[in-house]
Amino acid sequence: MVCVNWEDAAAYATWLSSKTRQRYRLPSEAEWEYAARAGTGTRRHWGDSADAGCAYANINDQSLWRARNYQPATACDDGHVFTAPAGSLLPNAWGLH
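Residue numbers here run from 1 along each chain, matching the order of that chain's written sequence. For a predicted model such as this one, the threshold for reporting local features is a pLDDT of at least 70, and the threshold for listing and counting side-chain atom pairs is 80 or more; totals across whole chains, interfaces and linings nevertheless cover every residue. Each side-chain value is derived from all of the structure's non-hydrogen atoms; neither hydrogens nor water enter the calculation.

Our next topic: the overall build of the chain. Helix and strand assignments follow DSSP, with helices taken as H or I runs no shorter than four residues and strands as E runs no shorter than two, numbered in order from the N terminus. Check the secondary structure of the chain and you find 3 helices and 0 strands. Taken over C-alpha atoms, the radius of gyration is set against a globule rule of 2.2 Å times the number of residues to the power 0.38. Computed over the C-alpha atoms, the radius of gyration of the chain is 16 Å, more than 25% above the 13 Å expected from 2.2 N^0.38 for a compact globule of 97 residues. Referenced to the eigenvectors of the C-alpha coordinate spread, the extents of the chain come out at roughly 45 × 30 × 20 Å. Buried positions account for 21% of the 97 residues belonging to the chain. We call two residues in contact when some of their heavy atoms are within 4.5 Å. Across the chain, the fraction of contacts at a sequence separation of at least 24, relative to all contacts at a separation of at least 6, is 28%. To sort residues, take the accessible area from a 1.4 Å probe on protein chains only and compare it with the maximum for the residue type: under 20% means buried, over 50% means exposed, and anything in between is partly exposed.

Our focus in this paragraph is the pattern of salt bridges. Salt bridge, as applied in this entry: a Lys or Arg side-chain nitrogen positioned within 4 Å of an Asp or Glu carboxyl oxygen. According to the stated counting rule, one finds 2 salt bridges in the structure shown. Salt-bridge contacts for Arg66 lead to Asp77; the nearest nitrogen and oxygen are separated by 2.7 Å. Of this pair, Arg66 sits in helix 3 (residues 62-68) while Asp77 sits in the segment after helix 3, placing them 11 residues apart in sequence. Take Arg66: its relative accessible area is 53%, and that puts it in the exposed class.

Moving on to helix 1 (residues 6-20). The terminal C-alpha atoms of helix 1 lie 21 Å apart, and with 15 residues this matches the ideal 21 Å at 1.5 Å per residue to within 8%. Residues of helix 1 that are buried include every one of Ala10, Ala13, Leu16 and Ser17, and no others. Taken around the axis of helix 1, the buried residues stretch over an arc of 120 degrees, which confines them to a single face. Residues of helix 1 that are exposed and angled more than 90 degrees away from the buried face: Glu7, Ser18 and Lys19. Here the expected length of a helix is defined as 1.5 Å per residue gap, with one fewer gap than residues. Arc definition: it is the arc formed by the directions from the helix axis to the C-beta atoms.

Spelled out as structure tokens, the structure:
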């Protein structure tokens, strides 16, 4: 999902809660970080290498360089200039994308 601010996401969680009678909310910053890191102690949830990130994250890579002539931060190529389709990248160790 793109172009959704915090207020819109919170309103959706409130709406979904009212429709399903289940409680939904946005995670806190600490909860999000804990889930995103998936228990790792490395710089990134996939390890310390930025170049390995193309398998896990849509990052500043060769795809962006070719499309927009931005200096790439990594040597890898995830194949997505901007938003990557859901599920097209690998999940973290806990299965989260």
